[in-house]
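Structure at a glance
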Amino acid sequence: YKNRVQIKPTRPMLRGTLAHCALLEPDAMASRFVVVPEDAPRRPTDAQWNAAKSSPSSQAAKDWWREWQASAEGREIISAEEWALCQAQLRAVNAVPELASLLSSGCGEVSIFWIDPDTRLYCKARLDWLQVEGKKARVLELKSTADESPAGFGRTAARMKYELQRAHYVDAIKYGARLQFDGWTFAAVT
């Protein structure tokens, strides 16, 4: 589906992806994202890019951005503001003792595969964070949201049907990893 239907990520989607990578796969940050330097000229508008004749300052900005985007080598370009927001999200997550404890051991972006015992269907799940102690497994799911208050996030969770994701992940732990499910935690960040 993803290969047939082009989905243009929105800025909020990008911010969620950035937060996921920074928290759960920090070693991949440099290969996936690049921050626009503070001394960068203002990014040219579509009209400036398409102008038949550019002013010298506009042409200099276009030349700078062409060269800099080429040096980004396919990495996602993020603004200094988006980088600062991501760092604030990381600090907020790590300031919550339960979340810091969960993230102190375990693995991020864990894929689990299994065959459902009832339907015989091949299943897979990709857990944001899996912490295993003995035969018990705890899951942490990072969600970016516009409203992290209990009522606001509760509405989002209901609308997005996060209870179905949780049920699927419990099956992943039970049938795929063959562990005892010991808890589920959402880390909601704005």
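Scope of this entry: the structure provided in the associated data block. (Residues numbered from 1 in each chain as written. Predicted model: local features only at pLDDT ≥ 70, side-chain atom pairs only at ≥ 80, totals over all residues. Heavy atoms only, no water.)

**Considering the overall build of the protein**
- Broken down by element type, the protein carries 8 helices and 6 strands.
- Reading the helices (α) and strands (β) of the protein from amino to carboxyl end gives α-α-β-α-α-β-α-α-β-β-β-α-α-β.
- A compact globule built from 190 residues should have a C-alpha radius of gyration of about 16 Å, whereas the protein, at 21 Å, is more than 25% larger.
- The 190 residues of the protein split such that 35% are buried.
- Long-range contacts, defined here as pairs at least 24 residues apart, represent 60% of the contacts in the protein between residues at least 6 apart.
- If you sum the accessible surface of the protein, you get close to 12100 Å²; carbon and sulfur atoms cover 54% of it. (Helix = DSSP H or I, 4+ residues; strand = E, 2+ residues; numbered from the N terminus. Rg over C-alpha atoms; globule rule 2.2 N^0.38 Å. Buried < 20%, exposed > 50% of the residue type's maximum accessible area, 1.4 Å probe, protein only. Contact = heavy atoms within 4.5 Å. Areas by Shrake-Rupley, 256 points an atom, 1.4 Å probe, with all protein chains shown as cover.)

**Topic: the layout of surface pockets**
- Computed from the structure, the largest pocket encloses a volume of approximately 920 Å³.
- Met13, Leu14, Gly16, Thr17 and His20 are the residues nearest the centre of the largest pocket, which is lined by 32 residues in total.
- For the lining of the largest pocket, the secondary-structure elements that each account for two or more residues are α1 (11-24), α5 (80-94), β4 (122-133), β5 (136-144) and α8 (162-176).
- If one sorts the elements of the lining of the largest pocket by residue count, α1 sits on top with 7 residues.
- What the second largest pocket holds in volume is close to 210 Å³.
- In this structure, the second largest pocket is lined by 15 residues; those nearest its centre are Val36, Arg43, Trp65, Ser79 and Ala80.
- The set of elements that each furnish at least two residues to the lining of the second largest pocket consists of β2 (76-78) and α5.
- Residues of the lining of the second largest pocket, tallied by class, amount to 8 nonpolar, 1 polar and 6 charged. (1 Å grid on protein atoms, 1.4 Å probe; cavity = no way out; pocket = protein on both sides within 12 Å on 5 of 7 lines; lining within 4 Å. Points joined across faces, edges and corners; volume = space filled by probe spheres on them. Nonpolar A, V, L, I, M, F, W, Y, C, P; charged D, E, K, R; others polar.)

**Focus: empty space enclosed by the protein**
- In total, this model carries 1 cavity of 30 Å³ or more according to the counting rule given.
- Estimated volume of the largest cavity: approximately 30 Å³.
- Looking at the largest cavity, the residues that line it are Ala19, Leu23, Cys86, Gln89, Leu90, Val93, Leu142 and Val189.
- Those elements giving two or more residues to the lining of the largest cavity turn out to be α1 and α5.
- No other element matches the 4 residues that α5 contributes to the lining of the largest cavity.
- For the lining of the largest cavity, the residue count by class is 7 nonpolar, 1 polar and no charged.

**What to know about the state of the cysteines**
- With the rule as written, the count across this model stands at 0 disulfides.
- Distance from the sulfur of cysteine 86, which forms no disulfide, to the nearest cysteine sulfur (cysteine 21) is 8.3 Å.
- Here cysteine 86 falls in the buried class, since its relative accessible area comes to 1%.
- Looking at the unpaired cysteine 107, the closest cysteine sulfur is the one in cysteine 21, lying at 16 Å.
- Classification of cysteine 107 as partly exposed rests on a relative accessible area of 47%. (Disulfide = S-S within 2.5 Å.)

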